[in-house]
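Spelled out, the chains give:
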Amino acid sequence: MATKPPTGDPIQDAPQVTPPKHAAAGLPAIGHTLRIAQQQMGVARTARTLLKVNQKDGFDCPGCAWPEGDKRHTAEFCENGAKAVAEEATLRRVTPEFFAAHPLADLATRSGYWLGQQGRITEPMLLERGAAPGGDDRYEPVSWEKAFEVIAEELTALDSPDEALFYTSGRTSNEAAFLFQLFAREFGTNNLPDCSNMCHESSGSALTETIGIGKGSVSLEDLHRADLIIVAGQNPGTNHPRMLSALEKAKTAGARIISVNPLPEAGTERFKNPQTPIGMFRGTALTDLFLQIRIGGDQALFRLLNKLVIETDGATDEAFIREHTHGYEDLVAAAKEADWEETLTATGLTRPEIEQALAMVLASERTIVCWAMGLTQHKHAVATIREVVNLLLLRGNIGRPGAGVCPVRGHSNVQGDRTMGIFERPAPAFLDALDREFGITSPRGHGYDVVRSIQALRDGRAKVLFAMGGNFVGATPDTEVTEAAIRKAALTVHVSTKLNRSHAVTGRRALILPTLGRTDKDVQQSGKQFVTVEDSMGMVHASRGNLAPASPHLLSEPAIVARMARAVLGTASATPWEEFERDYASIRERISRVIPGFEDFNARVARPGGFQLPHAPRDERRFPTKTGKANFTAAPVEYPRVPAGRLLLQTLRSHDQYNTTIYGLDDRYRGITGGRRVVMVNPADAAELGLADGSYTDLVSEWTDGVERRAPGFRVVHYPTARGCAAAYYPETNVLVPLDSTADVSNTPASKSVVVRFEPA
Ligand code: SF4
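The numbers attached to residues start from 1 for each chain and follow its sequence in the written order. Reporting in this predicted model follows two pLDDT cut-offs: at least 70 for local features of residues, and 80 or more for side-chain atom pairs to be given and counted; totals over whole chains, interfaces and linings ignore these cut-offs and use all residues. Computation of side-chain values covers all heavy atoms of the structure but excludes hydrogens and water.

Trainee: I'm lost on the overall build of the chain in this one. Help?
Mentor: Secondary structure elements follow DSSP: runs of H or I of four or more residues count as helices, runs of E of two or more count as strands, with numbering from the N terminus. Each helix and strand in the chain was counted, giving 31 helices and 33 strands. Against the compact-globule benchmark of 27 Å for 761 residues, the chain has a radius of gyration of 25 Å, which places it among compact chains. For the chain, the spread of C-alpha atoms along the three principal axes comes to 70 × 60 × 55 Å. Every one of the 761 residues in the chain was classed for burial, and the buried ones make up 66%. Residue contacts are counted whenever heavy atoms from the two residues lie within 4.5 Å of one another. Long-range pairs, those at least 24 residues apart, make up 79% of the contacts in the chain with a sequence separation of at least 6. Entry remark: accessible area of the chain is about 25,800 Å², with carbon and sulfur atoms responsible for 54%. We compute the radius of gyration over the C-alpha atoms and compare it with the globule rule, which gives 2.2 Å times the number of residues raised to the power 0.38. Each residue is assigned to one of three classes by its accessible area relative to the maximum for its type, calculated with a 1.4 Å probe on protein chains only: buried under 20%, partly exposed between the two thresholds, exposed over 50%. Under the convention used here, a 1.4 Å probe and the Shrake-Rupley method define accessible areas, while residue burial counts only the protein chains that appear.

Trainee: Any chance you could explain the UniProt feature "domain: Molybdopterin oxidoreductase" (unreviewed entry) in the chain here in plain terms?
Mentor: UniProt positions are given in the numbering used here, feature names are shortened, and annotations may be inferred rather than shown by experiment. Feature annotation in UniProt places "domain: Molybdopterin oxidoreductase" (unreviewed entry) on residues 120-493, given in this structure's numbering. Helix makes up 47% of residues 120-493 and strand 13%, with an end-to-end C-alpha separation of 17 Å.

Trainee: I tried to follow the nonpolar core on my own but got confused; where do I start?
Mentor: As a rule of thumb, nonpolar side chains are buried together in soluble globular proteins. As used here, the term nonpolar core means buried Ala, Val, Leu, Ile, Met, Phe, Trp, Tyr and Cys residues forming a set that is joined through side-chain atoms within 4.5 Å. Membership of the largest hydrophobic core comes to 62 residues, with the highest contact counts inside it found for Ile151, Phe183 and Phe466. Residues in contact with Phe466, not counting those within four places in the same chain, are Ile151, Leu165, Phe166, Tyr167, Phe180, Val493, Val495, Leu513, Ile560 and Met564.

Trainee: How should I be thinking about the pattern of salt bridges in this particular structure?
Mentor: A side chain with one charge can pair with a side chain of the opposite charge if their charged atoms come near. For salt bridges, the criterion is a side-chain nitrogen of Lys or Arg within 4 Å of an Asp or Glu carboxyl oxygen. Considering all chains together, one arrives at 62 salt bridges under this definition. The partner of Asp70 in a salt bridge is Lys56, and the shortest N-O contact between them spans 2.7 Å. With Asp70 in the loop between α1 (26-50) and α2 (79-88) and Lys56 in the loop between α1 and α2, this residue pair connects regions lying 14 residues apart in the sequence. Among the salt bridges present, the one from Asp459 reaches Arg461, with a minimum N-O distance of 3.0 Å. Taken together, the shared-partner salt bridges in this structure form one network comprising Arg646, Asp698, Glu702, Glu708, Arg710, Arg757 and Glu759.

Trainee: Where do I start with α1 in this structure?
Mentor: Each α-helix winds once per 3.6 residues, and so residues spaced three or four apart point in a common direction. For a helix, the expected span equals 1.5 Å multiplied by the number of residues minus one. For α1, spanning 25 residues, the distance from its first C-alpha to its last is only 18 Å, which falls clearly below the expected 36 Å at 1.5 Å a residue. Bend is the name given here to the angle between axes fitted to two runs of seven residues, the run ending at a residue and the run starting at it. At Met41, α1 is bent by approximately 105°, the largest bend along its length.

Trainee: Is there a simple way to explain a nonpolar patch on the surface in this structure?
Mentor: Surface patches are drawn from residues lacking salt bridges whose relative accessible area is over 30%; two like charges belong together within 9 Å, two nonpolar side chains (Val, Leu, Ile, Met, Phe, Trp, Tyr) within 5 Å. Together, Leu27, Ile30, Leu34 and Phe281 give the surface a local cluster of nonpolar side chains, amounting to about 380 Å² of exposed area. Ranked by the residues each element gives to the nonpolar patch, the list is headed by α1, at three residues. Tracing the backbone through its elements, the reader meets Phe281 in helix α13 (residues 277-281). Residue classification places Phe281 among the exposed positions, given a relative accessible area of 54%.

Trainee: Help me understand the packing of aromatic side chains, please; the structure alone is not making it clear to me.
Mentor: Aromatic ring pairs are described here by two measures, namely the spacing of the ring centres and the angle between the planes. Between the rings of Phe, Tyr and Trp (Trp by its six-membered ring), a pair exists once the centres lie within 6.5 Å; its type follows the angle of the planes, with under 30 degrees stacked, over 60 edge-to-face, and the other angles tilted. Taken as a whole, this structure holds 19 aromatic pairs when the rule is applied. Taken together, a centroid distance of 6.1 Å and an interplanar angle of 85° make the contact between Phe166 and Phe187 edge-to-face. Highlighted residues: Phe166 in strand β7 (residues 164-168) and Phe187 in helix α7 (residues 174-187), separated in sequence by 21 residues. You can call Phe166 buried: its relative accessible area is 0%. By relative accessible area, which is 14% here, Phe187 ends up buried. Aromatic side chains Phe438 and Phe580 sit 6.3 Å apart centroid to centroid with 75° between the ring planes, which places their arrangement in the edge-to-face category.

So this is what it looks like as structure tokens:
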């Protein structure tokens, strides 16, 4: 029987700590999966949903963007995928009665965990700050018509369309994303910030410049065929768990694995695959070489590896370099300057470790580098990813089966949304095609990304935030600044399935628009609909929900955009918004005419498993860059410098977390249970700083603006982090990340390198 949501907000700063684990998944993963699924859905519903997730006739997991192979297992999901499904298919409900019982002031005191555990929102809700006597503001039920009226009122009252922000979270389907960007452009703005601004924007910027397309170049089959896989700045055991199956398969085929991370992670150490009895109990050792790098030391590491490859006779693929690349000489010159002294300082690694890595690189004919936020959320992130590309180009590991670049996307359709045009800096060719197709005149000026959107709200240059899914307030940096900026808005609108912090921090007027989830059946006038998503490896496939919607009052994401567009644009718009709501095939028809690679979209996506998008560097070794070649780059080596008595903090997820969604208070692979306000510190650093294990401390970040940002009351956990490096969970530590501390070029918040000091709590 599904359980009721927790009433009280559980104490979160009394965690228990035991030694970290050395293997991921196994029997415990099955236990945790079934416990959480049963709590949220009960037994029967658990079976109905988990047997459909990631199946060819089922729905796409609302978790990360890891692909499925052509052959599907009965259980085609991981523990964290099951948690994501359970949270969405939960039987718990947030009704108007809930909001009547919980005024805004109360919701604002609640943790993200508690808010998320309350269940699915059942009806549209409106809040008018200052309207209630005694300031006792609370959300009230509102009709959909009235909700769209309020949106139209506020949007049409703006002095400029650029005072509106249209934010997209990576859960949004291709169809909804395509309509959302079309609406924004017909309305007159490119203000389309999205969650990838905060995660893989640095990858997109670096790859577009170096190989001509901002996406990974490998398929799942490539990963199985690689003979060397470098996993850098990524914790797949928690954030992309089924990647472990692919690593296991590659290992079984003889591949070797190097993992580069400031933290030892159970998931890259050993994988106990629950799909096989042997796997479940003995498991497979994954990492052959663990490089416990200092936070932000990756560019220096790859630069030195590139130097050593260049200096090793016969180690470079001269034919590939000659035929397909540009800028080799600049890299050779820059590599000459790379020296052991600086690199060992920057990386915290030893010479023998780097020489071991070099030997594995030289022994490999098919190398793949996988990465995530550990590389993308630093000031020099773009330069670091370019350096990764340099290593692959030197040995011709792009456009070769079993080789290539693999930025692993964290949200189920974040890559698809970008492909659909959710981008504040759209390519002119895309806008030309859109204008041709719809007879509109899209704005050409670049819009605001996430950081610039917050700055615009703070400075009064933006007045309306419309968020398609996600948790804008919880996911963004500099929490106090962001929350104050949001509260200045005239209107905040959140299209949501469940509650989160963004519903408790509002503009003067706030709307919650409850929408269908991936697990819900979506029936429109033309019948049952499906949506499509694009995974981390460019596979586009259908997703069909199988559950009765959580409430009869929900609208689908495409329907919400179509009705908003009609309310705001009125009869002036020739776009067939009603037809798009009635039948999503008509949306796909238009997509097939606007976006290259989607020709014959409806027919191709109707095939079980869908289709793979073209990728010129992978498919033809053709590089659509400014030079028409793959570009080597030679940026100066950078790495964070930390004053004495401070440490470099990275913000990260626990194992019971997906982005800002908190499934539970445990981080069992790291041996931390029952709490989240912890800071992991290397015992030797703790000794030097006088931080006893189990003591409590405030974290204070220091930034060039002289503002002290404080996160109070964290339990010190002595943990085998790299020297000089600490780690703590977000969103609790987002308050420490200055808004202006971002990556060069991509403007991604530098959430992985925050200089902090410790003060007694
Ligand atoms: S690996 Fe990612 S997409 Fe696959 S089931 Fe797990 S969370 Fe979902």
